[in-house]
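# Remarks on the overall topology
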Amino acid sequence: METAVDLSTIVLECIDGKDDHFSTEIAGHATIILAGAAAEGSVFIKELQYEGGVILVTNTGGRLLIDATDCAVPVKINGSIIARSVLHPNDVLRIGKSIWKTVLPAEEINPEPEPSSMRDHFTNFIGLEELRDLRLKDIFSQVFKKHTLVQMEDQLVTGTISSTPGLTDIETTWARPWLFSRMLVVSVAISILMIIGFRTFENPNLIPGLIFIGSFAVPVSTLIFFLELNAPRNISIFMVMALAFLGGVMALFVALIFFDRLGFLSDLLSASAAGIIEEAAKLFAVVLIVGRYARYRWILNGLLFGAAVGMGFAAFESAGYAYRSSGSFEAMVDNIVIRGLLSPFMHIVWTANAAAALWLVKGERSFEWSMLSDARFLRVLLSSVLLHMIWNADFSILPVPVVLDIKYPLLGILAWAICFRLVQAGLKQLNKARRLEIERLSAT
């Protein structure tokens, strides 16, 4: 829990643009007016000289409140256009084409309570920092808010020259995904309509469509969630879907080869052998397709790549299981529903975690086999393998309706706990890179 900070003076400085090297001070609880004309009570900045309007900047006791409701040029914080918002430490303020930074008072943070021994062991095992400032209600806060069709389309426009933000414009706070929920509602609604259609008309031509839509509905929606988590927004939807289908099929083929060549694992571990074989196959597909690209250097890029291959693998596998149970329509529907409900806790997040850990090691370099021996990667990969093996193991803890056994949600929660820690590491990586870029701009 944060304590109150000193109401000391904050310096607002332009580090690039028309007002380069200009700075102004805002005392505690004071307000200044940034304007395009020199007048009493206002601070003149060149960026507004021929545009008109003003920007109110208030020191709220350690943070700056930016009020740009009466400004003629676009004002952004971390790449997002704002009308009225708070400028936090390490945030980037862009007024028109000028970039500004703040020198803020240091905050005192109360020591956090010692973690429980179980959490401590978990943290030591996976080698990732404990979660800080994660609030699920904030992450899902946009799900139930109204969004226009234009906003939906814009959310999918990523990875192009015009839509990839600069390093100083990347938003490094926790994302607030929402488009995935629209995709989920639409695809589930289509699946329900096809079920009703078959039961009404008993036309077998509806079954292939039901298998396809039903098997892909939740996995694709989960993949869109990972796309929205990719803060650098440097990967296009075309590349994501191509990787999902190509990588998913490739991973299936590689897994079949491994199962054929490593039959002793199945003899020894039974269904749990899939934890070793399938996780290796999916990661191999990720590396083979995108491992050579050094420009995808962010941990969140690896997370998305892994989720894409995991999604393709999961959806094709679910379609196969549905097809095999199609002798009975009700059994096929039950299979689709159960695997759909469980899919966010399975292949998608397991592969996303392993690939993100590999990208943590890889960074700006192209993939090298030596990276696979790095402990930071091995710990997370091992966690995915173990979660998969326990998932497939022939034992139950407590049978529950719909999801069969409490074991599956519990394993899913552990997988997502690791995933969010990797997202946190990815945001920290981006924040560090952005800070270095700001320092570089300040020095020029």
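What counts, and where the lines are drawn
Residues numbered from 1 in each chain as written. Predicted model: local features only at pLDDT ≥ 70, side-chain atom pairs only at ≥ 80, totals over all residues. Heavy atoms only, no water. Salt bridge = Lys/Arg side-chain N within 4 Å of Asp/Glu carboxyl O. Helix = DSSP H or I, 4+ residues; strand = E, 2+ residues; numbered from the N terminus. Buried < 20%, exposed > 50% of the residue type's maximum accessible area, 1.4 Å probe, protein only. Phe/Tyr/Trp six-rings, centres within 6.5 Å; stacked < 30°, edge-to-face > 60°. Patch = residues over 30% accessible without salt bridge, like charges linked within 9 Å, V, L, I, M, F, W, Y side chains within 5 Å. Areas by Shrake-Rupley, 256 points an atom, 1.4 Å probe, with all protein chains shown as cover. 1 Å grid on protein atoms, 1.4 Å probe; cavity = no way out; pocket = protein on both sides within 12 Å on 5 of 7 lines; lining within 4 Å. Points joined across faces, edges and corners; volume = space filled by probe spheres on them. Nonpolar A, V, L, I, M, F, W, Y, C, P; charged D, E, K, R; others polar. Core = buried A, V, L, I, M, F, W, Y, C linked by side-chain atoms within 4.5 Å. Pairing = 2+ DSSP bridges. Axes fitted to C-alpha atoms, helices over the stretch in contact; angles between N-to-C directions. Parallel < 35°, antiparallel > 145°, perpendicular 65-115°, else oblique. Left-handed = near helix turned anticlockwise from the far one by under 90°. Contact = heavy atoms within 4.5 Å. Expected span 1.5 Å × (residues − 1).

Here we come to the pattern of salt bridges. A full pass over the atoms with the stated rule returns 11 salt bridges. As a salt-bridge pair, Arg 84 and Asp 67 come within 3.6 Å of each other at their nearest N and O atoms. Taken together, the positions of Arg 84 in strand E9 (residues 84–87) and Asp 67 in strand E6 (residues 64–67) put the pair 17 residues apart, joining distant regions of the chain. With relative accessibility at 55%, the residue Arg 84 sits in the exposed group.

Turning our eyes to something else, we now look at the packing of aromatic side chains. A complete count under the given rule lists 20 aromatic pairs for this structure. Look at Tyr 296 and Phe 305: their rings are 5.3 Å apart centre to centre, the planes differ by 90°, and that puts the pair in the edge-to-face class. Residue classification places Tyr 296 among the buried positions, given a relative accessible area of 4%. Taking 5.1 Å as the distance between ring centres and 80° as the angle between the ring planes, the aromatic pair formed by Phe 367 and Trp 369 counts as edge-to-face. We classify Phe 367 as buried; its relative accessible area is 17%. Members of the aromatic cluster, joined through ring pairs, are Phe 140, Trp 174, Phe 180, Phe 225, Phe 226, Trp 416 and Phe 420.

A contiguous nonpolar patch, built from Phe 125, Leu 382, Leu 386, Ile 390, Phe 395, Ile 397, Leu 398, Leu 410 and Ile 413 and spanning about 810 Å² of accessible area, is present on the exposed surface. Contributions of two or more residues to the nonpolar patch are made by helix H12 (375–392) and helix H13 (407–443). When residues in the nonpolar patch are grouped by element, the largest group, 3 residues, is from H12. Within the fold, Phe 395 resides in the loop between H12 and strand E12 (399–400). For Phe 395, a relative accessible area of 44% translates into the label partly exposed.

By volume, the second largest pocket amounts to about 530 Å³. If you go around the second largest pocket, you meet 27 residues; those closest to its centre are Glu 317, Tyr 321, Arg 339, Met 346 and Asn 392. Sorting the residues of the lining of the second largest pocket by element identifies helix H6 (237–261), helix H8 (274–290), helix H9 (299–324), helix H10 (329–342), helix H11 (347–362) and H12 as the ones contributing at least two each. Residues that form the lining of the second largest pocket fall into these classes: 16 nonpolar, 6 polar and 5 charged.

Another point: the nonpolar core. Membership of the largest hydrophobic core comes to 85 residues, with the highest contact counts inside it found for Phe 226 and Phe 305. With 12 residues, the top contributor of residues to this core is H13. Among the nonpolar cores identified, the runner-up in size contains 23 residues, and Cys 14, Leu 48, Ile 77 and Leu 93 belong to it.

Another aspect to go through is the sheet that holds strand E3 (residues 31–35). Spatially, the 5 strands line up as an open sheet ordered E4-E3-E5-E6-E9, and their pairing is mixed. Only two strands of the sheet have a single partner each, and these edge strands are strand E4 (43–44) and E9. The pairing of strand E5 (residues 54–59) with E6 spans 4 bridges and is antiparallel. Among the inter-strand pairings, Val 57 is bridged to a residue of E6, identified as Ile 66.

The next point concerns the packing of H9 against H11. At a closest axis distance of 6 Å, the pairing of H9 and H11 adopts a crossing angle of 150°. In terms of axis orientation, H9 runs roughly antiparallel to H11. Considering how the two elements wind past one another, H9 and H11 form a crossing that is right-handed. Mapping the contact onto sequence places Ile 299, Asn 301, Gly 302, Leu 303, Phe 305, Gly 306, Ala 307, Gly 310, Met 311, Phe 313, Ala 314 and Glu 317 in H9 and His 347, Ile 348, Thr 351, Ala 352, Asn 353, Ala 355, Ala 356, Trp 359 and Leu 360 in H11. Taken together, the residues of the contact of H9 with H11 break down into 13 nonpolar, 7 polar and 1 charged.

Here we take up helix H4 (residues 179–201). Given a rise of 1.5 Å per residue, 23 residues ought to cover 33 Å, and the 33 Å separating the end C-alpha atoms of H4 matches this to within 8%. Those residues of H4 that sit buried are Leu 179, Phe 180, Ser 181, Arg 182, Ser 187, Ser 191, Met 194, Ile 195, Gly 197 and Phe 198. Elements in contact with the buried residues of H4: helix H3 (149–156), helix H5 (206–229) and H10. Directly after H4, the chain includes Glu 202, whose backbone phi takes a positive value near 50°.

Let us look at the packing of H5 against H13. Two elements in contact, H5 and H13, have axes separated by 12 Å at closest approach and are oriented at 25°. With respect to each other, H5 and H13 are oriented roughly parallel. Of the two elements, H5 crosses H13, and the hand of that crossing is right-handed. Contacts between H5 and H13 pair Thr 222, Phe 225, Phe 226 and Leu 229 from the former with Trp 416, Cys 419 and Val 423 from the latter. Broken down by class, the residue content of the contact of H5 with H13 amounts to 6 nonpolar, 1 polar and no charged.

The values are spatial; any link to function lies outside them.
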